[in-house]
Each structure stands twice: as structure tokens, then as C-alpha cells.
Amino acid sequence: MHMQTPVKSPLVVGIEHRPDVKPLSEEAIRFEIDMCIGCDRCMRACPVPLSASVTIADLNRATISDEIAPHVALFTEECVMCGSCVPVCPVDNHRDLLMLSLKQRLGISWNGQVDLSRVLNYLPPGWNVPLLLSRLREQPMFREPQLVPDNYLLHLVASSKLLTLVPGTTIMREGEFGRELYMLLEGRVELSSVGFDGRELPVAVLQRGEYMGEHGMLTGQPRHETARARTPAVVLEVPEQAMQRLLELVPALRTFFSILDDTRSIEAILKRMALFSGVADADIRAIAAGAQVRHYGRDERLFAEEGHGQPMRETLHILLEGFVKVARRTLAGTGRDRSDERIIAYRQHGDYFAGGLDMLGDRRAVTVTAITRVRVAEFPRQALVAFFARYPEVGQRFQERLREYHESARATGAPGQPTEDEAVALHALVGDGVVEGTEVLVIDLDKCIHCNECEEACARRHGHSRMNRKGMVVGNISIATACRQCQDPVCMLCSRAGIARMPGGEVYITESCIGCGICAERCPYDNISIVSLDDDTYQGNEQGQQGSLLARFRHFFSEGAGKERGRRVLPMAGHPQGDGPTIYDSTARSANVSRIVGPSPCGWPAPASPAAPGPLATQRVQRDALGEMRKKIAIKCDLCAGYSNQACVQACPMGAALRVQPIAFFGSTEEILRRRTT
Amino acid sequence: MSLTTKQAQSRIADKQHTTPRLWKVPASMAWWLWLAASVLLYAGIFIVYEQAIRTQQYPGPFYDPLRLFGIIAFGLVLFTAAYSLRRRFMRGLPGKAQDWLWMHTWLGITTILIALMHSNYIHILNNFCQNLSCFTEEGAGFSALVSLGVLVITGVAGRLLDIWQARTIAHDASSNGVGIIQALEERILELEYGVERLCAGKSEPFKHYCMRAIDHPRALSGRLPQLQPREQADFRCACETLARRAALVRSLRRQQRARLIIRAWRTAHMYIASAALLIIAYHSILELLAYVLNIPFFQRFA
């Protein structure tokens, strides 16, 4: 796969969460600085720990003068552009955009010098930096130096972990979640996968210059294969944040990976479809390569009913990711929520439409709209016709499938139309993203006595309740407001690695979190909250431990003793500066945890604890203690990762609270449609 | 060409129009385990009791095996009360809270049955009380039995009440379109803000009608105010919002009432339990000291 010509690197990186941000003009910057009254509210609202060491006067001076003090430069570098400073400004200044202008002036840190001192300590015997670079250049995406300069590669190395592996060491395991990319610099690695009979089957042997783990990095899905060192090997483990930074700097690399991922996804789906059985792998690959992949946001239309006959509708659509709703125009105001469209079906990953026509087999057009982020592969009609000419049996299968559907439709009247109750339930489950989750907290309202034990147990364990019983009600089930551990969590876009995922799938907040709220804003289900870490506001469930003697006794009698014992131990996400060993064997895999953190002896985050540096913070900078103290943190349910049970489920006296896998509990969308209300 | 991935769905012909109960949380195995344990324990003791009744001339609470039944019943009372400790103080103990609750429920019911055998049903089926002194005789044995009975009855009634009221809330939450109390309160507040926005800049009768309807939702059906034509559209909108709010307020009150009943009963059960435990402990410890450990000092009180 060849990459495009070099693309000029952007002026600012780390603002992927704000794609529509527009820098201020020089004049606007001057105006806003003139407007600033120096009240310092923006700095107090800023979650970056270093903001405590920077005054608004320093910042204003740096914004409009040529001199930028080192501590201001460092603060600017650490600013995550969360926008916390904007709503608190009494004169409506856009401090975030002022910071953007500063960032633009400072330029991109990866263009500057790189501190390789740590890496040099861990280089295998006989290795040096030029050799390391030459090995990296063997990777297909780094072959062109004019596209990816040496400096970027060195920064990438400085943000990554260099693993020296003995034979038999497991690098990644099938079914585990992980977003690191592994580049093989020396030795050989065997990829294997568990077959139908439960035995591990070798899939491939990778050699120097190859890489693995890109599927997890790009899609957030569990690993497809297990990777084990076959010979002594040297592997560069690149954290997701470092790779994302490189992709931002070199967009051609992003294109490289997206094409790779799209082609593989389409191939995998086509191979699974019975309609395409018997087609040669090479032809599957060819048709997959010819597909055009489009991305749609929530509520965006794939095609509309009124667009019948347009080229868009004459293609074969395969859903690679996400959910869509299929609707048809109805009398004004008679659809769901008094809309003028009636939802007749939902489709998800792996489903397809051909001809863009309806799901009922009556050849009437439909409107298909994305209800989550959707990735669709579109195959033009000509390509499909040419393919059918080459494989007439596939064309026949399509015709047969159509005929079956017509017959089925005639036999059952109006197939596929759910009853009203089911339609509401289905829409709630699909439309509100419940089926996207991997672990959903449900409460059976028929059993729940609303004692609030679940929330209190959560607060006892974590210092602050990470759940709320209030939530969507579907039939007798309430979907509590608690993280659902989405299959592809959109919240995981943190440049500091403040949010990470355990191999088992639990998404958790790390010690690098500074409570900037970007993840909370991205969560479509409001399942992440930001709490202040100062002593006055972060008291957990200690309300009952203050007040009159009677109140304390009553609290003691009704709630019992407050805190829960037990230490939570979670790994840091991809932090390169750990002191852990870099030589692994198969029995010492746990040593991969570069730093073990325990928020506090009883599992609560300690007030004003120092923020751990993210993987991109490779330069050791001297700073005062105040400049390291976190002001806020994000809180979210992590399924009590590190504990042997889940507090909410464990504490429910009625057994009403339960963690379920939505598809297993509610059934697939088709099963829900078929389900009879009882 | 018209194709889909899925097979056509079969039409549900016999749709029921009752409230759908679509999904069920799996029941705990502890329900069966503790029930089985309780039944076995009771059956075993009942066999011994029957044997004693047949073989002994004067079977009574002061002679084995009925005396032993009393000790077992006291042990069971303490064990049953351990649920409360588990829920409040020793949360690290193994098992889910619901498993302990089933132990609490089934052993609690078994305890009163064993205690009845311990007393040989005196004052219950025979030798009925002639005056109040029967409550204080024999170390307040009958008081302990009655208090244990009241405790178990309140527990069982409370559990049935829980089931009933929980279903009331569930039905309401699934049919009001919003959910449980917390969600309702938020939604009602939102609707009130909506009405307030509609009231802004309107005539006095408009505002008066809306405010009155917020304070007294039943006033909605009262006389409509005379309004200027330009206010009519907003008034219709306000009326719809108020009607929606009134429905939600009714739902909220139903749910609050149900929750209040659950909580009130639970509180009553806790106070009754405290009092009953004191009486039972008094009787049991006194009898143990007097007739098991044979301490003469305590025999004066027993």
C-alpha cells in the first residue's frame, strides 16, 4: 500500500475533540485581552494542575507579547482545550481560543528536541539510536522519511515502551481489549487464534518490519489474535495516544490505517455472508478494495425515501459499524413522537441493503438514518453487476433471497412491523444506545423497593456514587445511569490517557485524569461526571458523620458504618516513564504494568492527589508541588475493576440490580421484535 | 432489486394489551437453598417434637428436647438478625445482600414455628391466658413468643407489601413515559420552566390560570380565562404542558406514596425488631442462666 505525497503538518495538535474550532484573528485577540478584567476565574476553573502556578497576568502578557515565560509555555503545552475557562468568564472572553493562539505560536512539540535518555537506558545490547531508527523505517508506514521525519519517530519512541522479549512471551491475547500498536523490530512473533474446537491455531508468523494490534487501535474492539514471541524479539509498544499524535501530524498515515481497516472489515463481513460463499479470497479482496467507505454521524441520513432512483440508492450498502433505523413516511404526526415517519426496522453491524429499497419486499422506498456513528461500505451497481457476471451463483443467491423474502412477506401480511409496545421498547434500546454496551446495569422495577442501597454502596466504595438509579424505563426494566462499557467507547479520546480500558473491557479513569471533562462531554449517555477534589466538596457519603448526635446515631443505625475496606489496584495506561522491567518472559507478564496506582488505602481518590503524566509527557520538567495537584477528576463506573464484586449488585437486597450483556439479556433486535409481550 | 439481511418477521397476532413484562432478572438460587434448609430443619425438629409428645408424660419448655428447641430458636433469632449486621456493618462477608435476606426471611419464619414447639403451644392452643400475668410468668416466655410472632408477621407482611408497592411503582414508571421518582421530579421541573417561559409577557389572566394550575393541578378543568387572540396559541401550548405536568404529578404522588409505604413499614419492622430482640434476649438469657447453667440467683426471676 502506497502513501500519498507529504502533507504539511498542522499548526496545532491535540484538538481532535474540537474539530470545528476556529482561531481568533490578531485583532480579536488584542480586543479580548483588553477586555480581560484579570479576575482569574478562568484559571480557577482550569483543570490543568499547572494552572495553579500561572497567573492571568502572565498569560495575558504571553498572549500579546513576543516573550513567553517557560512556565507559561509549559502550561500552554499542557492545555487540553477543554473549554472550562469559557463559561466562567464575566466578559465573555474566549480564553480557549486565546490559548489556541498561544499554542500556534509555540508550535508542535514533536518538531522540537526529544529527550531520549530513558530510551537509551533500555536499548538492547549492541543497539543504538540510528539502528533503532533504521528498524523503524522497515515498517511499511514509515518507509518515506520525507513523510515521517526522524524527529517524529524519535518522539514516538520516547512516548512508547521498548520491550525485549524472550521466546514464549505473550504480547497480546485474543479477546482482550487493548489499543496499543506493536511494531516488531527484531525477531519473530507468532499470531494464533482459537478455532471452533477451542484449540489455538497458528494464523501467521510476523517478522521484523511488521506490526500487529492495529485493529484494536483503530476500532477499539477486542484483539482478534494472540501474539507470542517465537524467538527473542524486540517490540516497540506504541500507546494509542502517541499513535494518535502521529496520525494528527501525518494525515497520510491515518489514511493508510483507515484503508487497511476498512478493507479488512469488509473482507471479514463478506466472508461471513452466506451469499458470498465460494467466492475466491482474491476476488473478495478485490471487491472489498473497490468499495467506498462513508462515515455518518448520529441522525445523518444514508439515503432518503424521496431519493428513489438516485445513484446512491442503487448500491449495495453493508454496515461496518453502528446502527441505523429504517423508516417510511406516514401521515403527518402519526409516527413515533408525532413525527411523520414510522420506524419499521433497525439494522446493525454486518447487515446490508441492496438497491436501497424497502425491508418489506414491496419495492417501496425507505429512509435509512444513522442512530449511532455509522460506517458503511458502498458497492456501486456496475461493480456488483460485473461481480455477478463473474459469479452467477452469487447473483442467483441474491435473487433467491429476494424471492424468499417476498413469499415470506405475502404469507405473514406485513412482516417486520413491531407492535407499538415493542417498537417503543426497541427504539429505546437501540436508539438510546443500550445495545451498544457490553455491561449494562439494569434494575428490575418489579423487584426494586427503591431503598437506594445500590447508590449508597457505590458511594461507600468509591467515595462518590458513580451511578444513578434514574434512567430510561423499558417495560419493567430501568436502565440505570451508569457506564455501559460501550463496545467502541467514544469517551476514550484523552491525550493524557486519563481514561483507559482494562484487557477485560472495563473502561476506567486513571491517575492521569485531570477532570477536563472532554470524555464526559463526548459520552452520549451522560455517564461520566466531573467532581472537584478539594476537601470541602469531595466528602463522599460522609453526610451522616456530621450533625447532631441523634442524626449521627440515626445514620449509623440506618446506613451502618461508612467506608468500605479494600484496596483497588489498577494499571496506568501506557505511561512510558515507569520503572518496571522491560524484559519479559511468559511468567512475568504482569510486570508489564509500568506503575501500580492505588488512589488511597480505602480505594477513594485522595483529595488533591498529584496527576500522573500521560504518555505524551516525555520530558521531565521541574515543577512545584502545587503545579502537580489535581483539582478535579472524572468519575465513571468501571464495574468495580480491581474488586472481586460489583458494589451495587452485591448490595441490592432484592436482587433487582444486575449487570447484563444487553444482547444476551434483551435479545438481538430481531428477537425483541419477535418477542411476545407477556 | 429489493433485499434485506433478515428473514421476514412473523406478525404477533394475539397481542395482549396489559402492561408488558418483557424481561425478567434471574432469581437467586439462595431462595431455594434457604427454603430447603429451613424446611429440613423444621422437619427434623418436628419429628423430634412428635416423638417427645408421644413418649414424654409432661413435655414442656423446661425439659429436653423442648428446652433444646428454645436454645435453637434463640440461636436462629440471633442468626436471622445477622442480616441486619451484614447490611450495615460487615459488608465484606461473602454472599450478596439478597442471599442474606432470603436467609433472614426463611429462617425467621422457621424460628417462630420452632419457638411454638418449644412452648408446646401453651397459651396458643391450650392453657389460654386468664390474665395479663401470663405475659410476665416464666421469664416473660409468652411475651417473647408473642413479640417473635409479631416480628415475623410484620416481616412477612412487609415483604408482601414490598412486592405489591414495587409493582405499583414499576407499572407507573413504565406507563408515565418518564420513569421513576427522580426522573419525574426533573421532568416536572422542566415542564414548569416551560410554562413560566410561556407566561412571560402575557396578560394577568393567562399567568393567573397557569400559576393556579401549577399549584392545584385539578384547577385545569376549571373555567378558561378570556384571552386576547395573540395569546391563544401560547395558551393552548401552556394547557397541553400543564395537562402533561398534572399527569406526571399524579404519577409522582402515586410513586411517592408507594415508596413511603415501603419505607414506613420497613422502619416499623426495624423498631419492632429492636423491641422484640430485647424481650427475646431477656427471656432466653434468663432461662439459660437459670435452667441451663443452673445459677440459683437467676432462678428467682425465671
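Draft legend 1. Focus on the overall build of chain B. When helices and strands are tallied, chain B shows 8 helices and 1 strand. The helix and strand sequence of chain B, counted from the amino end, reads β-α-α-α-α-α-α-α-α. Compactness check: chain B gives a C-alpha radius of gyration of 30 Å against a globular reference of 19 Å for 302 residues, more than 25% above the reference. Within chain B, contacts between residues separated by at least 24 positions form 69% of all contacts whose residues are at least 6 apart in sequence. Entry remark: accessible area of chain B is about 16,800 Å², with carbon and sulfur atoms responsible for 64%. Distance between charge centroids for chain B: 5 Å, based on 33 positive and 19 negative side chains.

Draft legend 2. Representation of the overall build of chain A. Counting secondary structure elements, chain A contains 21 helices and 27 strands. Looking at the 678 residues of chain A, the share that counts as buried comes to 56%. Restricting to contacts in chain A with at least 6 residues of sequence separation, those with at least 24 account for 76%. For chain A, the accessible area works out to roughly 28,900 Å², and carbon and sulfur atoms hold 52% of it.

Draft legend 3. Summary view of the packing of helix α1 (residues 29-55) of chain B against helix α3 (residues 97-118) of chain B. Residues and elements named next belong to chain B. Their axes nearest at 8 Å, the elements α1 and α3 cross at an angle of 15°. Accordingly, the angle class assigned to the pair α1 and α3 is roughly parallel. Two packed elements cross with a definite hand, and for α1 against α3 that hand is right-handed. On α3, the residues touching Ala30, Trp31, Trp34, Leu35, Ser38, Leu41, Tyr42, Ile45, Phe46 and Tyr49 of α1 are Asp99, Trp102, Met103, Trp106, Leu107, Thr110, Leu113, Ile114 and Met117. Class assignment of the residues belonging to the contact of α1 with α3 gives a composition of 16 nonpolar, 2 polar and 1 charged.

Draft legend 4. Fine view of the sheet that holds strand β13 (residues 341-348) of chain A. Residue and element names in this part refer to chain A. With antiparallel pairing, 4 strands are arranged side by side in an open sheet as β10-β15-β12-β13. The open sheet has two edge strands with one neighbour each: β10 (301-303) and β13. Looking at each pair of strands side by side, their axes are set apart by 30° on average, direction ignored. Pairing of strand β12 (residues 323-329) with β13 involves 7 bridges; the strand directions are antiparallel. Within β13, the position partnered with Phe323 by the bridge is Gln348.

Draft legend 5. Structural view of empty space enclosed by the protein. Residues and elements named next belong to chain B. Under the defined criterion, the tally for this structure stands at 13 cavities of 30 Å³ or more. The computed volume of the largest cavity comes to approximately 460 Å³. Surrounding the largest cavity, 26 residues form its lining, Pro61, Gly70, His118, Gly141 and His283 being those nearest its centre. Those elements that provide at least two residues to the lining of the largest cavity are α2 (66-88), α3, α4 (137-175) and α7 (229-292). Of the residues forming the lining of the largest cavity, the biggest block, 7 residues, is contributed by α7. Taken together, the residues that form the lining of the largest cavity break down as 16 nonpolar, 7 polar and 3 charged. Estimated volume of the second largest cavity: approximately 210 Å³.

Draft legend 6. Spatial organisation of helix α13 (residues 381-390) of chain A. Residue and element names in this part refer to chain A. Looking only at α13, the buried set comprises Leu384, Phe387 and Phe388. Burial along α13 is one-sided: seen end-on, the buried residues are contained in an arc of 100°. Projecting away from the buried face of α13 at angles above 90 degrees are the exposed residues Gln382, Ala389 and Arg390.

Draft legend 7. Just the pattern of salt bridges, in detail. By the definition in use, this model includes 27 salt bridges over all chains. Two residues, Glu190(A) and Arg230(A), come together in a salt bridge whose shortest N-O distance is 3.6 Å. Of the two residues, Glu190(A) sits in strand β4 (residues 189-194) while Arg230(A) sits in the loop between β7 (226-229) and β8 (233-238), which places them 40 residues apart along the sequence. Residue classification places Glu190(A) among the partly exposed residues on the basis of a relative accessible area of 21%. Between Glu186(B) and Lys470(A) there is a salt bridge, and its shortest N-O distance comes to 2.6 Å. Pair noted here: Glu186(B) is in helix α5 (residues 181-199) and Lys470(A) is in strand β18 (residues 468-474), and the two residues belong to different chains. Residue class for Glu186(B) comes out partly exposed when judged on its relative accessible area of 41%. Classification of Lys470(A) by relative accessible area gives buried; the value is 17%.

Draft legend 8. Region of interest: the packing of aromatic side chains. Following the criterion strictly, the structure yields 14 aromatic pairs over all chains and no others. Ring geometry for Trp110(A) versus Tyr152(A): centroids 6.5 Å apart, planes at 55°, classification tilted. Of this pair, Trp110(A) sits in the loop between α5 (95-106) and α6 (117-122) while Tyr152(A) sits in helix α8 (residues 150-158), and the two are 42 residues apart along the sequence. Tyr152(A) gets classed as buried once you look at its relative accessible area, which sits at 5%. Linked through ring pairs, Trp31(B), Trp32(B), Trp102(B) and Trp106(B) together constitute an aromatic cluster.

Draft legend 9. Focus on the nonpolar core. Membership of the largest hydrophobic core comes to 56 residues, with the highest contact counts inside it found for Leu441(A) and Met467(A). Among the elements of the structure, β17 (440-444), α16 (453-462) and α19 (647-651) of chain A together with α1, α2, α3, α4 and α7 of chain B are those that each provide at least two residues to this core. With 9 residues, α3(B) is the largest single contributor of residues to this core. Filtering out sequence-adjacent residues up to four positions away, Met467(A) remains in contact with Leu441(A), Cys454(A), Glu455(A), Cys458(A), Ala480(A), Thr481(A), Ala482(A) and Cys648(A). Among the nonpolar cores identified, the runner-up in size contains 41 residues, and Leu123(A), Ala158(A), Met243(A) and Leu249(A) belong to it.

Draft legend 10. Looking closely at the sheet that holds strand β2 (residues 170-172) of chain A. Residues and elements named next belong to chain A. Ordered in space as β2-β7-β4-β5, the 4 strands form an open sheet in which the pairing is antiparallel. The open sheet is flanked by β2 and β5 (200-206), the only strands paired with a single partner. Ignoring strand direction, the axes of neighbouring strands in this sheet form an average angle of 30°. Across 4 bridges, the pairing between β4 and β7 is antiparallel. Bridge pairing in β7 links Val189 to Ala229.

Draft legend 11. Quick look at the pairing of β4(A). Residue and element names in this part refer to chain A. Two strands pair when backbone bridges link them, and β4 and β5 are joined in this way by 6 bridges, in the antiparallel orientation. In the sheet register, Val194 faces β5, and the bridge partner there is Glu200. The hairpin formed by β4 and β5 contains 5 residues between the paired strands, and Gly198 there has a positive phi angle of roughly 85°.

Draft legend 12. Summary view of the environment of Leu145(B). All names here are of chain B. Within the element layout of this structure, Leu145 appears in helix α4. With a relative accessible area of 9%, Leu145 lands in the buried category. Excluding residues that lie within four positions of it along the chain, Leu145 makes contacts with Ile112, Ala115, Leu116, Ser119 and Ile124.

Draft legend 13. Here's a closer look at the confidence of the model for chain A. All names here are of chain A. Looking at chain A, the pLDDT average stands at 78 and 77% of residues meet or exceed 70. Considering each helix and strand of chain A separately, the mean pLDDT is smallest for strand β25 (residues 596-597), with a value of 31, and largest for β7, with 94. A low-confidence stretch, residues 358-362 (pLDDT under 50), is modelled with 23 contacts involving residues beyond four sequence positions or located in other chains. Taken as a whole, residues 412-416 scores under 50 in pLDDT and shows 10 contacts with residues more than four places along the chain or in a different chain.

Draft legend 14. Expanded view of α7(B). All names here are of chain B. The end-to-end C-alpha distance of α7, which contains 64 residues, comes to 91 Å, matching closely the 94 Å that a straight helix rising 1.5 Å per residue would cover. Largest kink in α7: about 25°, centred on Phe235. Downstream of α7 by one or two residues, Asn294 has phi in the positive range, about 55°.

Draft legend 15. The confidence of the model for chain B, seen in detail. All names here are of chain B. Of the residues in chain B, 91% reach a pLDDT of 70 or more, and the chain-wide mean stands at 83. No element of chain B has a lower mean pLDDT than strand β1 (residues 3-4), at 34, and none a higher one than α5, at 92. When the criterion is pLDDT under 50, residues 1-19 qualifies, and its contacts beyond four places in sequence or with other chains add up to 63 contacts. As scored by the predictor, the complex reaches a pTM of 0.78 and an ipTM of 0.82.

Draft legend 16. Inspection of the environment of Pro140(A) at higher detail. Position of Pro140(A) among the secondary structure elements: in the loop between α7 (129-136) and α8. Counting along the chain gives 70 residues from Pro140(A) to Glu210(A), while the straight-line C-alpha distance between them is 7.6 Å.

Draft legend 17. Looking closely at a nonpolar patch on the surface. Together, Leu68(B), Ile71(B), Val292(B) and Leu293(B) give the surface a local cluster of nonpolar side chains, amounting to about 330 Å² of exposed area. Within the secondary structure, Leu293(B) sits in the loop between α7 and α8 (296-299).

What counts and how
- Residues numbered from 1 in each chain as written.
- Chains lettered and ligands numbered in written order.
- Predicted model: local features only at pLDDT ≥ 70, side-chain atom pairs only at ≥ 80, totals over all residues.
- Heavy atoms only, no water.
- Helix = DSSP H or I, 4+ residues; strand = E, 2+ residues; numbered from the N terminus.
- Rg over C-alpha atoms; globule rule 2.2 N^0.38 Å.
- Contact = heavy atoms within 4.5 Å.
- Areas by Shrake-Rupley, 256 points an atom, 1.4 Å probe, with all protein chains shown as cover.
- Lys, Arg positive; Asp, Glu negative; His and termini not counted.
- Charge placed at Lys NZ, Arg CZ, Asp CG, Glu CD.
- Buried < 20%, exposed > 50% of the residue type's maximum accessible area, 1.4 Å probe, protein only.
- Axes fitted to C-alpha atoms, helices over the stretch in contact; angles between N-to-C directions.
- Parallel < 35°, antiparallel > 145°, perpendicular 65-115°, else oblique.
- Left-handed = near helix turned anticlockwise from the far one by under 90°.
- Nonpolar A, V, L, I, M, F, W, Y, C, P; charged D, E, K, R; others polar.
- Pairing = 2+ DSSP bridges.
- 1 Å grid on protein atoms, 1.4 Å probe; cavity = no way out; pocket = protein on both sides within 12 Å on 5 of 7 lines; lining within 4 Å.
- Points joined across faces, edges and corners; volume = space filled by probe spheres on them.
- Arc of directions from axis to C-beta.
- Salt bridge = Lys/Arg side-chain N within 4 Å of Asp/Glu carboxyl O.
- Phe/Tyr/Trp six-rings, centres within 6.5 Å; stacked < 30°, edge-to-face > 60°.
- Core = buried A, V, L, I, M, F, W, Y, C linked by side-chain atoms within 4.5 Å.
- pLDDT = per-residue confidence, 0-100.
- Expected span 1.5 Å × (residues − 1).
- Bend = angle between axes of the 7 residues up to and from the residue.
- Patch = residues over 30% accessible without salt bridge, like charges linked within 9 Å, V, L, I, M, F, W, Y side chains within 5 Å.

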